[in-house]
Amino acid sequence: METLRGAVYGFPQPQPRIRTKPLQVICVGLPRSGTESLSRALTQLGFKTYHGWDIVFDDPPYAQGWAQLAERKYSGVQGAGDAPITRDEFDCLLGHCDAVVDTAAAMFSVEMIQAYPEAKVILNTRRDVDAWHRSAMNTLVAEGENQWMAWFLRIFTADAYWLWKLYYTIGYPSMFRGRTTKEGLMKHGKRVYQEHGLMIRGLVPKERLLMWEVEDGWGPLCVVRQAWRDISEIWKGVSVNVVGYSFWVKIPPMSPSRTPITQQLFGSRSKV
């Protein structure tokens, strides 16, 4: 089966990335917990940030590497979890960045926390769990898993195959304990969200952990950089919109070379 899959969906692997600076920040909140806003804030504070969307838009693509790590973690095959995912393996995928946010950090939160013991950890959350759940159902399911075109594309293109495998065959269903992302979110989503936060708080020492909610604004994030800066200077030249308790900035255009597939897979870029 592996030989057949490699023949049909394998493509030349990109060069492993090399760690050029220490990974300083791991943002382990689940998707739809202000990850896009947090990524933008950290970027403005001077970090090179790897967001979940970078898995989708990486060119050359590294999605196969992420999917294989997810398969190793969640496959359920006897012995699959015996060999921990190492720092070197993560560096091959995000060695060019010193902060990581969204899917990769949430999906591999325990492994990254253990692999990079010197990194600060941010647990990004939303106070209103019901609002998070509605957002997750709308984005991860309605705009993602339920898109028939995305399902169709993953049969015929290697790029879409590995993205679908990472997110909808293995990753999200495993995270939310369902046969599908929709089933997992509907039955267990809110409990998984709360348990994930409890697990992180129990795992990470207080001096290493920053609890951050979207409603907190950007001030607490400056502590990670060990310098308080005026918020207007941080966001100088960046358009910020406010809707309820959600903050975001304008998103640059999608990568022209990969827009069609990624739009079908995941819809438009999210703003929370």
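Scope of this entry: the structure provided in the associated data block. (Residues numbered from 1 in each chain as written. Predicted model: local features only at pLDDT ≥ 70, side-chain atom pairs only at ≥ 80, totals over all residues. Heavy atoms only, no water.)

## Some words on the environment of N138
Step number 1: Following the sequence through the fold, N138 ends up in helix 8 (residues 129–145).
Step number 2: Judged by its relative accessible area of 40%, N138 is partly exposed.
Step number 3: In the structure, N138 is positioned 44 residues away from K182 in sequence and 10.0 Å away in space, judged by C-alpha atoms. (Helix = DSSP H or I, 4+ residues; strand = E, 2+ residues; numbered from the N terminus. Buried < 20%, exposed > 50% of the residue type's maximum accessible area, 1.4 Å probe, protein only.)

## Here we look at the pattern of salt bridges
Step number 1: For the structure shown, the criterion picks out 14 salt bridges.
Step number 2: Taking the shortest distance from any N to any O, the salt bridge between R177 and E195 comes out at 2.7 Å. You can see R177 sitting in the loop between helix 10 (158–175) and helix 11 (181–203) and its partner E195 sitting in helix 11, a full 18 residues away along the chain.
Step number 3: Judged by relative accessible area, E195 falls into the partly exposed class, the value being 32%. (Salt bridge = Lys/Arg side-chain N within 4 Å of Asp/Glu carboxyl O.)

## Quick notes on the side chain of D102
Step number 1: For D102, the position within the fold is in the loop between strand 3 (99–101) and helix 6 (103–107).
Step number 2: The buried charged residue D102 lacks any salt bridge partner; its closest oppositely charged side chain belongs to R32, at an N-O distance of 7.0 Å.
Step number 3: Not counting residues up to four positions away in its chain, the partners in contact with D102 are C27, G29, P31, T35, H51, G52 and W53. (Lys, Arg positive; Asp, Glu negative; His and termini not counted. Contact = heavy atoms within 4.5 Å.)

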